[in-house]
Amino acid sequence: MESVRSDTGAHQGDSALTVKILVAGGFGVGKTTLVSAVSEIRPLRTEEALTEKSIGIDDTTAVANKTTTTVAMDFGRITLPNGLVLFVFGTPGQDRFWFMWDELAKGALGAVVLVDTRRLADCFASVDYFERRGVPFIIGVNRFDGAGQHTAQQVRDALDLSPDIPVISCDVRDREDAKRVLITLVEHIMRTMSSGRQPVSY
């Protein structure tokens, strides 16, 4: 696994194995919430208030209580039980901030694509981005009120995903649930590597 060596998050001076991952998805799908829920440090956020200028551009129909949006990235860090340190970067969701994606993707070994099944089309661009670049990713179906119940296979079929891509339901507000999403991604990256397909690192 390609990684950097770092003393951050290590114990007693031992260096820790660190991995960079991304959290992507559409506008208001819960990326900032996931990063904040799992981070063991105070998360870095680049949020700005939604203003009248976003009317007609940002669709807040399904997330009426949303008042801010990420304009560059979110950043957090979590140490898993096996000592692996994850640097977690949340991407901006709107089209106008996608110029940040290539920079954020540099060195990333995998990604979580968060999905709101009420607005499934919003995640198509994220899925396409990682598929085209050969970056391992998983789907996290964030449970929103009023979203209804959908099986993993239904979501997989709707997104036309390969059968080896994990699709899991989650509540990203819950730390343990959000941590489970990241662990699932790490396991998927490891399986990808063991199969002889190396994650692409930009």
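Once a new chain begins, its residue numbering starts again from 1 and follows that chain's sequence as written. Reporting in this predicted model follows two pLDDT cut-offs: at least 70 for local features of residues, and 80 or more for side-chain atom pairs to be given and counted; totals over whole chains, interfaces and linings ignore these cut-offs and use all residues. The basis for every side-chain value is the complete set of non-hydrogen atoms in the structure, without hydrogens or water.

Chemist: Can you break down the pattern of salt bridges residue by residue, with the values?
Modeler: Basic side-chain nitrogens of Lys or Arg form a salt bridge, by our definition, when they fall within 4 Å of a carboxyl oxygen of Asp or Glu. Taken as a whole, this structure holds 11 salt bridges when the rule is applied. Residues Lys106 and Glu103 are paired through a salt bridge, measuring 3.1 Å at the closest nitrogen-oxygen approach. With a 1.4 Å probe rolled over the protein chains alone, any residue whose accessible area is under 20% of its type maximum counts as buried; one over 50% counts as exposed, and the rest are partly exposed. Judged by its relative accessible area of 42%, Lys106 is partly exposed. Using a relative accessible area of 47% as the deciding quantity, one classes Glu103 as partly exposed. A salt bridge links Asp116 to Arg118, with the shortest nitrogen-to-oxygen separation between them at 2.8 Å. Residues joined by salt bridges that share partners form a network here, namely Asp116, Arg118, Arg119 and Asp122.

Chemist: Tell me what's going on with helix H1 (residues 31–38), and back it up with residues and numbers.
Modeler: Think of it this way: any DSSP run of H or I at least four residues long counts as a helix, any run of E at least two long counts as a strand, and we number them from the N terminus. Among the eight residues in H1, six count as buried, and that is most of the element. All buried positions along H1 are accounted for by Lys31, Thr32, Leu34, Val35, Ala37 and Val38.

Chemist: Summarise the packing of aromatic side chains; cite the residues concerned and give the values.
Modeler: Any pair of Phe, Tyr and Trp rings, taking the six-membered ring for Trp, is counted once the centres come within 6.5 Å. Such a pair is stacked with planes under 30 degrees apart, edge-to-face with planes over 60 apart, and tilted for the rest. Under the counting rule described, the total for this entry stands at six aromatic pairs. Each ring, one from Phe75 and one from Phe89, has its centre 4.9 Å from the other, and the planes form 50°; the classification is tilted. Of this pair, Phe75 sits in strand S4 (residues 68–79) while Phe89 sits in strand S5 (residues 85–90); the two residues are 14 residues apart in sequence, bridging distant segments of the chain. Taken together through their ring pairs, the aromatic side chains of Trp101, Tyr129, Phe130 and Phe137 make up a single cluster. Put simply, a charge is over a ring when the Lys NZ or the Arg CZ is close to the ring centre, within 6 Å, and near the line of the ring normal, within 35 degrees. The ring of Phe89 carries the charged tip of Lys20 above its face, separated from the ring centre by 4.8 Å.

Chemist: Could you give an account of unusual backbone geometry, naming the residues involved and the relevant values?
Modeler: Phi angles above zero are rare outside glycine, and Asp160 is one such case at about 55°. For Asp160, the position within the fold is in the loop between helix H4 (152–159) and strand S8 (167–170).

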